[in-house]
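As a plain string of letters, each chain reads:
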Amino acid sequence: MTGPILKDAAGPERPLHAPVSRHLWMQNTRINRPDEPDVPVIVRGEGVHVWDEEGRRYLDGMSGLFTTQLGYGRQELADAAARQAKELSYFPLWTYAHPTAVELSQLLAALAPGDLNRVFFTSGGSESVESALKLCRHYFNLTGEPRRSKVISRHIAYHGSTMGALGLLGIPEMRAAFEPLPFRSLKVPNTNFYRAPVFADDLEAFGKWAADEIERTMLREGPETIAAVFLEPVQTSGGCFPPPPGYFERVRELCDEYGVLLVSDEIICAFGRLGEYYGSARFGYQPDIITIAKGLTSGYAPLGAMLVSDRIADEFVTRGATFTHGLTFAGHPVSCAVALANLDLFERDGILDHVRTQEKTFRTELESLLDLPIVGDVRGAGYLYAVELVKDKGSRLSFDADESDRLLTGYLSPALFEAGLICRADDRGDPVITLSPPLICGANEFRFIGQVLRDVLSDVWQRI
Ligand code: PLP
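Source: prediction; values computed, not measured. (Residues numbered from 1 in each chain as written. Predicted model: local features only at pLDDT ≥ 70, side-chain atom pairs only at ≥ 80, totals over all residues. Heavy atoms only, no water.)

A grouping of E173, D400, D402, D405 and D427 is seen on the molecular surface, where their side chains present a negatively charged patch. Position of D400 among the secondary structure elements: in the loop between β14 (384-389) and α14 (401-418). (Patch = residues over 30% accessible without salt bridge, like charges linked within 9 Å, V, L, I, M, F, W, Y side chains within 5 Å. Areas by Shrake-Rupley, 256 points an atom, 1.4 Å probe, with all protein chains shown as cover. Salt bridge = Lys/Arg side-chain N within 4 Å of Asp/Glu carboxyl O. Lys, Arg positive; Asp, Glu negative; His and termini not counted. Charge placed at Lys NZ, Arg CZ, Asp CG, Glu CD. Helix = DSSP H or I, 4+ residues; strand = E, 2+ residues; numbered from the N terminus.)

This is the structure we're talking about:
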């Protein structure tokens, strides 16, 4: 073992170049045993590519984690961060404000649909969802409806990792270790049409049924006990389920009828991922709250926010109430400066138009994989797609949990990585490969993605 030695007052000498995961506790990852291979280390990025420490290049088909909308190595974003760090490196949004937060809040409100005019900053996605949960509670306590404490979300949905956000998770295995959770949350069907339990040949009827399940749940529990419905425009977890036509229209109607708040969790679906600044705009619905993070800064600095309707905020204004909730790094000046520069580049480079014109090429490339026996379905919108893998295409039979684990973790993830493509082999529902490439990708990158998937999936089928 080479490398400098750190002297630790409390312990023995330790080398700097210990195995990667000796000290680094990875996120959402089974902890490595000492005899297991170490994780790859990514050291550099430029455009749509990243490089590992061995100098190998990968196309980042996941935008990091649904985040690097404009790709890596953008000088303008690095400069914006450096300028702001020199001008005002940090200041909180408690008692005082600072210019980049003010300017960004104005811009985000101007881009938002309807009356979402209040911007509450956070430092990431889970904090945005947690803030929305707390705001819904506070709002109903304030307006004399304290019984409204339950929240509704969908099966297999992911909404973050803090205790409140965890309650929204439709993935029981991810919740189990932390129960009991602080919010009572009720689960309703997602819009997975490929596995529709009813109306399997009528998308619109299926969508109406899925929305009506929300109403049935409200009525069963007592609508006066329900605070909010949390939905992503396209549900990413489980494999990118777009909403059927009419789905959100019906959900909005229900929320209005029963006095429930509609929270659109757009942590993945905003900032061009679906070809619009906000995912709800793509499907034409008006949320009461939108949660955002990730692509807001293209990942050059951590930042999140929730956008709140005047209707909710005005209750705080007229009562002179304080939303007693705050975070030290929320709306960090450097992150806000980066977000402003990021959104400038969106405008300058016509990123939304680019996604809208190129998404068909992306879809066509992925749909061409449907001739492979292992590919059951291709679905998504914008630059957010999933390819569902099946054992038997005719019957849509899926792999069982063990097979899925062996297929995805044991073979597909390493094989795709080896072939130079980063994407996500995911078995939070049925096994899927999720793709969410940087928004600057075009036909060449889609061709590469399609070719790697074809080669690797054909190979895995032979092995099965
Ligand atoms: N909500 C959704 C829909 C997400 O996909 C995520 C993360 O992927 C979150 C919330 C949590 O965001 P973060 O990981 O930034 O805390």
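Here the narrative resumes.
A few words on the packing of helix α5 (residues 125-142) against helix α11 (residues 310-319). Between two packed helices, the angle of one axis relative to the other and the distance separating the axes together describe the packing. With their axes 10 Å apart at the nearest point, α5 and α11 run at an angle of 55° to one another. It follows that α5 is oblique to α11 by the angle criterion. Our pair here, α5 against α11, has a crossing hand that is left-handed. Of α11, the residues touching α5 (which contributes L135, H138, Y139 and L142) are R311, I312, E315, F316 and R319. Here the residues of the contact of α5 with α11 sort into five nonpolar, one polar and three charged. (Axes fitted to C-alpha atoms, helices over the stretch in contact; angles between N-to-C directions. Parallel < 35°, antiparallel > 145°, perpendicular 65-115°, else oblique. Left-handed = near helix turned anticlockwise from the far one by under 90°. Contact = heavy atoms within 4.5 Å. Nonpolar A, V, L, I, M, F, W, Y, C, P; charged D, E, K, R; others polar.)

Following E179, the chain continues into P180 via a peptide bond in cis, with omega recorded as 5°. Looking at the secondary structure, you find P180 in the loop between α7 (172-175) and β8 (185-188). In this model, S298 sits at a positive phi of 50°, which is unusual for a non-glycine residue. For S298, the location among the structural elements is in the loop between β11 (289-292) and β12 (304-308). Residue R396 is not a glycine yet carries a positive backbone phi of 60°. Checked against the element boundaries, R396 lands in the loop between β14 and α14.

Read across the open sheet, the four strands follow the order β13-β14-β17-β16; overall the sheet is antiparallel. Every other strand in the sheet has two partners, leaving β13 (375-381) and β16 (424-426) as the edge strands with one partner each. Strand-to-strand, the axes of this sheet are offset by a mean angle of 20°, without reference to chain direction. In this structure, β13 lies alongside β14, joined through six bridges in antiparallel fashion. Across the sheet, A381 pairs through a bridge with L384, a residue of β14. (Pairing = 2+ DSSP bridges.)

Another point: helix α12 (residues 333-348). The terminal C-alpha atoms of α12 lie 22 Å apart, and with 16 residues this matches the ideal 22 Å at 1.5 Å per residue to within 8%. Most of α12 sits inside the fold, with 13 of its 16 residues counted as buried. Positive backbone phi, approximately 60°, marks G350, located one or two places after α12. (Expected span 1.5 Å × (residues − 1). Buried < 20%, exposed > 50% of the residue type's maximum accessible area, 1.4 Å probe, protein only.)

Our focus in this paragraph is the site of the ligand. Within the structure, the ligand sits among G125, S126, Y158, H159, G160, E232, D265, I267, I268 and K294. At 2.8 Å from a nitrogen atom of the ligand is found a side-chain nitrogen or oxygen belonging to D265. Considered on its own, the ligand offers 380 Å² of accessible surface; in the complex 81% of this is hidden by protein. Of the residues that constitute the shell around the ligand, the class distribution is three nonpolar, four polar and three charged. (Near = heavy atom within 4 Å. Polar contact = N/O pair within 3.5 Å; in protein donor to acceptor, adjacent residues only side chain to side chain.)

Let us now look at the domain arrangement of the chain. Its domain assignment divides the chain into domain 1 (40-70 + 351-463) and domain 2 (77-348). Domain 1 and domain 2 are separated by 26 Å when their C-alpha centres are compared. Residue-level contacts link 34 residues of domain 1 with 33 residues of domain 2. Across the domain 1 to domain 2 interface the summed buried area is about 2,800 Å²; carbon plus sulfur atoms make up 56%. The interface formed by domain 1 and domain 2 includes four salt bridges. For D430, the salt bridge goes to R195, with nearest N and O atoms at 2.9 Å. Inspection of the region where domain 1 meets domain 2 yields 19 residue pairs in polar contact (both at pLDDT 80 or more). (Domains from an automatic or database assignment. Buried area = accessible area lost by both parts, 1.4 Å probe.)

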